[in-house]
Structure formats: C-alpha cells, structure tokens
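In case you want the letters, here they are:
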Amino acid sequence: MDIKVHKGEGKLQHFIDIGQHRLLTDESPQVGGEDTGPSPHELLAASLGACTALTLTLYARRKEWPLEDVQVRIEHAHEGAAFILKRHIHYVGALDAEQRARLTEIANKCPIHKVLSGEIRITTQEE
C-alpha cells in the first residue's frame, strides 16, 4: 500500500493519505508549525503504542485471558544522536503475574517493535 503525503493548508501542515484514511501532520509553533496535528516523531511513537495495544489484545483474546483493556503510553525524546522511545503498559483485568509477564514479553515482539529494533533501509527515488 502506498502512503502519500502532500502539502496541507498551514505553514508546515501536510496530509497523509493511507488508502481510504487521511491524517494530518504538523509541527509545533516552536519550529514554525501551527500544531494542527501530531509531528512525524509523534506519529512514529503512536505507531509503536498502537501496535503494542493491538498485539496484546489479540494475544490475550487467543489465550482467553481476562484482559479487559491495555493502555499504552509512549514517551519519546532525543538524547544526543539517539531517538528514545519509552513504553509504559498498564494492564486492566484479573491477570496473574505470569500472564502479565508473558504479555510484556509479547509486547517486545509486536511488529512495529521488531521493525524499530531491527535494520531499516530507506531508498529514495526522484519522480
């Protein structure tokens, strides 16, 4: 699936078209934007949070575990040349310690976690 990004109406605002879905991205006023949408770094962090929540929900459902909700919070920041993602997971439901520990192991195996932890290659072509 192609993801298409094109200029929006604001100074730095851009539309992101993903199939039938449309998102906005922008930057904060501190860097010249108008804060009309999440920044690209926030979208990256959100991808990790969303993938984590979906993966854990599907896993618990398959195991028939009493996971009522999983709440994921991602902190992100630059530290020198590194981009740091700190994931916080809160499990809601009558899970025992072993189930919670296993879910945390599974969180580290969600597809976006694997992508971000593995080798990434980006190629660029002019059109």
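Cut-offs and rules
- Residues numbered from 1 in each chain as written.
- Predicted model: local features only at pLDDT ≥ 70, side-chain atom pairs only at ≥ 80, totals over all residues.
- Heavy atoms only, no water.
- Core = buried A, V, L, I, M, F, W, Y, C linked by side-chain atoms within 4.5 Å.
- Buried < 20%, exposed > 50% of the residue type's maximum accessible area, 1.4 Å probe, protein only.
- Helix = DSSP H or I, 4+ residues; strand = E, 2+ residues; numbered from the N terminus.
- Contact = heavy atoms within 4.5 Å.

(A) Examining the nonpolar core more closely. In terms of nonpolar packing, the biggest core is built from twelve residues, these being Ala53, Leu56, Tyr59, Ala60, Trp65, Leu67, Val70, Tyr91, Leu95, Leu103, Ile106 and Ala107. Only helix H1 (40–63), strand E4 (67–79) and helix H2 (97–107) provide two or more residues apiece to this core. Beyond its immediate sequence surroundings of up to four residues, tryptophan 65 is in contact with Tyr59, Ala60, Leu95, Gln99, Arg102 and Leu103. Counting residues in each nonpolar core, the second largest holds five residues, with Ala45, Leu48, Cys51 and Cys110 among its members.

(B) View of the environment of isoleucine 18. You can see isoleucine 18 is positioned in strand E2 (residues 14–18). Residues isoleucine 18 and threonine 36 lie 18 residues apart in sequence; the distance between their C-alpha atoms is 18 Å.

(C) Representation of unusual backbone geometry. Positive phi values are uncommon outside glycine, yet aspartate 35 reaches one of about 60 degrees. The backbone phi angle of glutamate 64 is positive, close to 60 degrees, even though this residue is not glycine. For glutamate 64, a relative accessible area of 72% gives the class exposed.

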